[in-house]
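Okay, here's what each chain looks like letter by letter:
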Amino acid sequence: FSVVMLLVILTLIFCFDLFIHPGKSITFDGFVHMSTIAQFFAAIRDGEFPARWANNFATYGFPLPLIAQQTTSYVGAFFLWVTGSVVTSYNLVVTVGMFLSLLFMYRWLRFHVNSLPALVGTLFFAFAPYRIMNVYMRGALPEFFSTVWIVLLLCAVEVMAQKRVVLASLLTGVSVCLLALTHPMMLLTGG
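Remember, it's a predicted structure, so these values are computed and weren't measured experimentally.

(A) Structural detail: the packing of aromatic side chains. Across all of its chains, the model carries eight aromatic pairs by this definition. For the pair F14 and F144, a centre-to-centre distance of 5.9 Å together with 10° between the ring planes defines the contact as stacked. Taken together, the residues span a long stretch of sequence, with F14 in helix α1 (residues 3–20) and F144 in helix α8 (residues 141–161) at a distance of 130 residues. With respect to class, F14 is no different from F144; both count as buried. Considering the side-chain rings of F78 and W81, the 5.9 Å spacing of their centres and the 40° angle between planes classify their relative orientation as tilted. Of this pair, F78 and W81 both sit in helix α4 (residues 70–83), three residues apart, roughly one helical turn. You can call F78 partly exposed: its relative accessible area is 44%. Over the ring of F111 we find R107; its NZ or CZ atom is 4.3 Å from the centre of that ring.

(B) Highlighting the environment of L179. Position of L179 among the secondary structure elements: in helix α9 (residues 165–182). With relative accessibility at 0%, the residue L179 sits in the buried group. In this structure the C-alpha to C-alpha distance between L179 and S2, which are 177 residues apart in sequence, comes to 29 Å.

(C) Focus on a nonpolar patch on the surface. Taken together, the side chains of F1, M5, L6, I9 and I13 define a hydrophobic patch exposed on the protein surface, amounting to about 500 Å² of accessible area. Relative to the helices and strands, F1 is located in the segment before α1. When its relative accessible area of 75% is taken as the criterion, F1 is described as exposed.

(D) Fine view of the packing of α1 against helix α7 (residues 129–138). For the pair α1 and α7, interaxial distance at closest approach is 11 Å and the crossing angle is 15°. By the angle between their axes, α1 is roughly parallel relative to α7. Note that α1 runs across α7; the crossing there is right-handed. On the side of α1, the interface is formed by F14, C15, F16, D17 and L18, while α7 contributes R131, I132, V135 and Y136. The residue inventory of the contact of α1 with α7, partitioned by class, reads seven nonpolar, no polar and two charged.

(E) Broad picture of the pattern of salt bridges. Taken as a whole, this structure holds two salt bridges when the rule is applied. When the shortest N-O distance is used, the salt bridge between R45 and D46 registers 3.6 Å. For the pair R45 and D46, a shared accessibility class is recorded, and that class is exposed. Salt-bridge contacts for E143 lead to R138; the nearest nitrogen and oxygen are separated by 3.3 Å. For E143, a relative accessible area of 12% gives the class buried. Its relative accessible area of 26% is what places R138 among the partly exposed residues.

Cut-offs used in this document
- Residues numbered from 1 in each chain as written.
- Predicted model: local features only at pLDDT ≥ 70, side-chain atom pairs only at ≥ 80, totals over all residues.
- Heavy atoms only, no water.
- Phe/Tyr/Trp six-rings, centres within 6.5 Å; stacked < 30°, edge-to-face > 60°.
- Helix = DSSP H or I, 4+ residues; strand = E, 2+ residues; numbered from the N terminus.
- Buried < 20%, exposed > 50% of the residue type's maximum accessible area, 1.4 Å probe, protein only.
- Lys NZ or Arg CZ within 6 Å of the ring centre and 35° of its normal.
- Patch = residues over 30% accessible without salt bridge, like charges linked within 9 Å, V, L, I, M, F, W, Y side chains within 5 Å.
- Areas by Shrake-Rupley, 256 points an atom, 1.4 Å probe, with all protein chains shown as cover.
- Salt bridge = Lys/Arg side-chain N within 4 Å of Asp/Glu carboxyl O.
- Axes fitted to C-alpha atoms, helices over the stretch in contact; angles between N-to-C directions.
- Parallel < 35°, antiparallel > 145°, perpendicular 65-115°, else oblique.
- Left-handed = near helix turned anticlockwise from the far one by under 90°.
- Contact = heavy atoms within 4.5 Å.
- Nonpolar A, V, L, I, M, F, W, Y, C, P; charged D, E, K, R; others polar.

Here's what the structure looks like:
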């Protein structure tokens with residue numbers, strides 16, 4: 001049984017309730033992020049890429065796509081195009097964020113410990129109360145998704161310690177760029 005399969009199972013356990021009770025996504029911020037996903041989808045559908053103007057905000061429109069959390073909005077817009085449901089696309093973005101953050105957390109822990117302790121640490125990370133609260137109460141999708149890039153940045157530091165400069169530079173650049181595009185304020189607290 002591979003580690004990736006175990007991480008998929010952990011992800012499905014964490015996200016199971018989102019798909020069984022899809023209305024759970026309507027949390028404190030969930031409806032805002034679903035609306036943003038729908039706005040990005042509409043802009044792209046209308047031929048505007050990258051999205052710059054959201055026509056359906058505040059009656060007149062708003063340049064929200066220039067300042068909003070772009071990574072989750074574009075990924076969500078893609079899932080909206082595939083599924084046709086903004087709630088399902090929101091839930092899929094949570095699922096992708098959960099899986100990638102677990103994958104990178106496991107990899108980062110493997111720099112320090114053997115496989116079993118790394119899996120246990122990843123399990124604790126997966127079901128940390130703040131992560132559960134971010135998804136099931138707050139609906140802080142970009143903040144939740146930003147953990148993917150924060151943990152990838154930790155991996156980049158470990159790769160740099162191994163003196164693999166080119167790979168470390170690439171990982172650092174990608175993780176900082178995507179962190180800024182996912183949740184710019186997390187650059188201050190997480191980066």
